[in-house]
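Observations on chain architecture
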Amino acid sequence: MNKKERRVAVLVEGKEISAICVFRGQFLEHLFLGKTKEEVRSQFNNSSVSKEITSISPSNEFEEICRFIVGKISQKINKVNS
């Protein structure tokens, strides 16, 4: 299968965690999580995915989806820690 869609990376910062979401077309393909954006950038830069993405840029649609994912993960973490 030849994947023609380009990858888009979006960085978001939540209250407890930060994330880089990598989308190909309309699908979430990779998710990098950490406590700080520096930690997340380091994970991303050390991955093979980073070689296929020229920049991490805001995208209203994808940023909203990524924020939603980070919010839900944060809620689950808070429930576990309670």
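Above this text is the structure in question.
The text that follows walks through the structure, step by step, so that each part is easy to find. All of these numbers come straight from a predicted model, not from anything done at the bench.

Criteria and cut-off values
- Residues numbered from 1 in each chain as written.
- Predicted model: local features only at pLDDT ≥ 70, side-chain atom pairs only at ≥ 80, totals over all residues.
- Heavy atoms only, no water.
- Helix = DSSP H or I, 4+ residues; strand = E, 2+ residues; numbered from the N terminus.
- Contact = heavy atoms within 4.5 Å.
- Pairing = 2+ DSSP bridges.
- Axes fitted to C-alpha atoms, helices over the stretch in contact; angles between N-to-C directions.
- Expected span 1.5 Å × (residues − 1).
- Buried < 20%, exposed > 50% of the residue type's maximum accessible area, 1.4 Å probe, protein only.
- Arc of directions from axis to C-beta.
- Phe/Tyr/Trp six-rings, centres within 6.5 Å; stacked < 30°, edge-to-face > 60°.

Concerning the side chain of S50
- Relative to the helices and strands, S50 is located in the loop between α1 (37-45) and α2 (60-81).
- Setting aside residues up to four positions removed in sequence, S50 forms contacts with F44 and N45.

Notes on the sheet that holds strand β2 (residues 18-24)
- The strand order across the open sheet formed by 3 strands is β1-β2-β3, and the pairing between neighbours is antiparallel. Two strands bound the open sheet, and with one partner strand each, they are β1 (7-13) and β3 (27-34). Looking at each pair of strands side by side, their axes are set apart by 20 degrees on average, direction ignored.
- Sheet topology note: the β2/β3 ladder contains 7 bridges and is antiparallel.

A closer look at α2
- Across its 22 residues, α2 extends 31 Å between first and last C-alpha, which sits within 8% of the 32 Å expected from 1.5 Å per residue.
- Where α2 is concerned, the buried positions are F62, E63, C66, I69, V70 and S74. Around the axis of α2, the buried residues are gathered within 140 degrees of arc, so they sit on the same side. Those residues of α2 that are exposed and aimed more than 90 degrees away from the buried face are N60, E64, F68, K76 and K79.
- Where the residues of α2 are buried, they touch β1, β2 and β3.

Observations regarding the packing of aromatic side chains
- Taken as a whole and judged by the stated rule, the model has 2 aromatic pairs.
- Taking the centre distance of 4.4 Å and the plane angle of 20 degrees together, the rings of F23 and F62 count as stacked. Of this pair, F23 sits in strand β2 while F62 sits in helix α2, and the two are 39 residues apart along the sequence.

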